[in-house]
Amino acid sequence: MNKPVEVYILSGFLGSGKTTVLKRIVDECKKRDQKLGIILNELGDTNVENHLFEDEKMYELLNGCICCSIQDDLKMTLNQFVENPVDVLLIEGTGVANPNEIVEALATPEFIDRFSLLSIISLVDASNYLDYQSIFSSSKEIRTLLKEQITSASLIILNKTDLVSDKKLDKINLQINKLITHDVPVVQSSFGEVPADVLLQTRIRTLKLSEEPKTCGCSSTCDHDHSHDHVNHAAIKAIKLEDLPVVEKKIFEKWLKELPNDVLRGKGIIQFKDDSALYSFQFASKKLAVDKVEGTTSQKPIMILIGNSLNVEEIRASYEKTFLQLSR
Ligand SMILES: Nc1nc2c(ncn2[C@@H]2O[C@H](COP(=O)(O)OP(=O)(O)OP(=O)(O)O)[C@@H](O)[C@H]2O)c(=O)[nH]1
């Protein structure tokens with residue numbers, strides 16, 4: 001039998017910096033000449049970030065969360081890596097995934113000797129942490145999910161520290177340290193800049209299965225019985241807007257920033273007025289970042305918005321009013 005594939009799971013809430021860290025790990029593994037595999041999971045039915053990993057053996061699991069509604073897809077994908085092993089497999093869950101569910105899939109008899117889980121790296125977004133913990137500006141689902149992402153980690157990266165004051169950081173560190181019971185390191189970073197040896201250190205030696213099977217509370221599509229304890233995150237939805245017109249960057253940015261606070265994350269591909277290039281955009285922590293898509297791409301302008309109990313009709317109406325009526 002081949003050597004087990006070394007696995008790292010990246011977890012963390014929407015926009016916390018998982019893909020940013022994933023890119024760092026990919027670069028490091030390439031430097032080490034390691035053969036890489038990536039599993040990216042998105043809530044919506046489109047991955048707008050696949051251009052970032054064109055050279056890698058990548059599988060996209062779309063339209064659901066590998067921690068519940070598409071567990072079978074995850075198992076099928078893991079089988080691909082059993083048949084064609086790589087040295088290192090990176091699994092990035094959706095921002096609302098509970099990493100324990102991925103651990104559970106890796107710990108089944110068919111996979112336990114094939115994969116060796118080395119670490120669960122959880123990203124915590126310092127710029128939103130206190131708001132997400134607040135009963136006034138967040139929901140119980142989000143608070144429970146954040147707690148699960150922290151308590152299941154073997155390494156916590158407190159990211160986006162550039163966006164908060166030292167005083168706030170101290171407060172967040174204190175709160176995180178109250179949640180973790182084991183000797184789990186918490187490293188602070190901005191743009192996921194964590195030394196490679198810290199990032200890739202082996203922190204888990206054995207997989208543990210949870211003891212008591214419980215009924216899953218994931219969603220109507222999930223009717224299996226398996227051992228986990230997690231939040232019902234069905235209220236967190238992705239909306240996809242396609243056929244986007246060419247937009248003015250300033251208007252686009254203003255529209256995103258004025259979206260209701262329930263919109264926790266946005267991403268996509270966009271074309272700006274008077275510019276023939278396509279740009280990938282990221283909207284997280286109420287900040288817009290755009291990046292020119294280099295080379296040729298078959299992707300078309302598209303926008304994915306993810307949030308908690310989103311009022312889809314309201315968002316669609318505001319989108320149509322701002323962009324479609326203006327472009328007519
Ligand atoms: N200011 C700041 N921005 C950051 C930092 N880390 C990541 N970002 C930006 O935040 C946005 C979201 O980062 P991602 O790495 O895509 O976050 P993610 O966790 O993969 O997001 P999801 O796709 O929602 O799961 C991007 O625009 C990043 O460039 C940071 O430390 N500081």
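Worth saying up front: this structure is predicted, and the values here are computed from it rather than measured. All residue numbers refer to positions counted from 1 along the written sequence of the respective chain. Reporting in this predicted model follows two pLDDT cut-offs: at least 70 for local features of residues, and 80 or more for side-chain atom pairs to be given and counted; totals over whole chains, interfaces and linings ignore these cut-offs and use all residues. To obtain the side-chain values, all non-hydrogen atoms of the structure were included, while hydrogens and water were left out.

This brings us to the site of the ligand. A single heavy atom is enough: if one lies within 4 Å of a molecule or strand, its residue is considered near that molecule or strand. Taken together, 21 residues form the shell around the ligand, and within it Lys18, Thr20, Phe191, Arg265 and Lys267 come nearest. Backbone polar atom of Gly17 to an oxygen atom of the ligand: 3.0 Å apart, as the coordinates give it. Polar contacts, as used here, are pairs of N or O atoms within 3.5 Å; protein pairs need one atom able to donate a hydrogen and one able to accept it. Residues neighboring in sequence count only if both atoms are side-chain atoms. Separating an oxygen atom of the ligand from a side-chain N or O atom of Lys18 is a distance of 2.6 Å. Across the complex, the protein chains shield 90% of the 660 Å² of accessible surface that the ligand would expose by itself. When atoms are counted within 2 Å of each cavity's grid points, the one that captures over half of the ligand is the second largest pocket. The secondary structure listing takes helices from DSSP runs of H or I that are at least 4 residues long and strands from runs of E that are at least 2 residues long, numbered from the N terminus. Those elements that place two or more of their residues in the shell around the ligand are helix H1 (18-31), strand E11 (263-271) and strand E12 (278-284). Residue contributions to the shell around the ligand peak at three residues, all from H1. When its residues are assigned to classes, the shell around the ligand shows six nonpolar, eight polar and seven charged. The residues that make up the shell around the ligand include at least three from each of domain 1 (5-226) and domain 2 (236-327). Computed with a 1.4 Å probe, the accessible areas rest on the Shrake-Rupley method; for each residue, only the protein chains presented here act as cover. In this analysis the probe radius is 1.4 Å and the grid spacing 1 Å, with only protein atoms considered; a cavity is a set of points the probe fits into but cannot get out of, a pocket is an open set with protein on both sides within 12 Å along at least five of seven lines, and lining residues have an atom within 4 Å of a point. Placement in a cavity or pocket follows one criterion, namely that more than half of the molecule's atoms lie within 2 Å of its grid points. In this classification, Asp, Glu, Lys and Arg are treated as charged, Ala, Val, Leu, Ile, Met, Phe, Trp, Tyr, Cys and Pro as nonpolar, and every other residue, Gly included, as polar. Each domain span listed reflects an automatic or database assignment of domains.

Space inside the second largest pocket adds up to approximately 770 Å³. In terms of lining, the second largest pocket is formed by 39 residues, of which the most central are Thr20, Lys160, Arg265, Gln282 and Ala284. Every element with two or more residues in the lining of the second largest pocket is listed here: H1, E11, E12 and strand E13 (287-292). Looking at the lining of the second largest pocket residue by residue, the class counts come to 13 nonpolar, 15 polar and 11 charged. There are two domains that each give the lining of the second largest pocket at least three residues, and those are domain 1 (5-226) and domain 2 (236-327). Grid points are joined across faces, edges and corners, and a volume is the space filled by probe spheres set on the points.

Note on exposure labels: buried denotes an accessible area under 20% of the residue type's maximum, exposed denotes more than 50%, and partly exposed covers the range between, all computed with a 1.4 Å probe on protein chains only. Among the residues of helix H8 (residues 249-257), Phe252, Trp255 and Leu256 are the ones counted as buried. On an axial view of H8, the arc spanned by its buried residues comes to 100 degrees, and they lie on one face. Residues of H8 that are exposed and point more than 90 degrees away from the buried face comprise Lys250 and Lys254. Directions drawn from the helix axis to the C-beta atoms are what define this arc.

Moving on, we get to the domain arrangement of the protein chain. Domain boundaries in the protein chain define domain 1 (5-226) and domain 2 (236-327). With 22 residues of domain 1 in contact, the opposing surface of domain 2 contributes 18 residues. The buried area of a pairing is the accessible area, by a 1.4 Å probe, that goes missing from both parts when the two are put together, added over both. Together, the buried faces of domain 1 and domain 2 total about 1600 Å²; carbon and sulfur atoms form 62% of this surface. The rule for a salt bridge is simple: a side-chain nitrogen of Lys or Arg has to be within 4 Å of a carboxyl oxygen of Asp or Glu. At the boundary of domain 1 with domain 2, the tally comes to zero salt bridges. Counting across the domain 1 and domain 2 interface gives three residue pairs in polar contact (both at pLDDT 80 or more). Residue contacts follow a heavy-atom distance rule, with two residues in contact if any of their heavy atoms lie within 4.5 Å.

What follows is about the pairing of strand E5 (residues 115-125). Of all 11 residues in E5, 10 are buried, a share of seventy percent or more. In terms of strand pairing, strand E1 (residues 5-12) meets E5 through eight bridges, oriented parallel. The partner of Ile9 across the bridge, within E5, is Ile120. A pair of strands counts as paired when DSSP detects no fewer than two bridges linking them. Summarising the sheet, E5 and strand E6 (residues 155-159) pair through five bridges and their orientation is parallel. Of the residues in E6, the one forming a bridge with Asp125 is Asn159.

Locating Ser16 in the fold gives a position in the loop between E1 and H1. For Ser16, the residues in contact, after removing those within four places along its chain, are Leu123, Val124, Asp125, Asn159 and Lys160.

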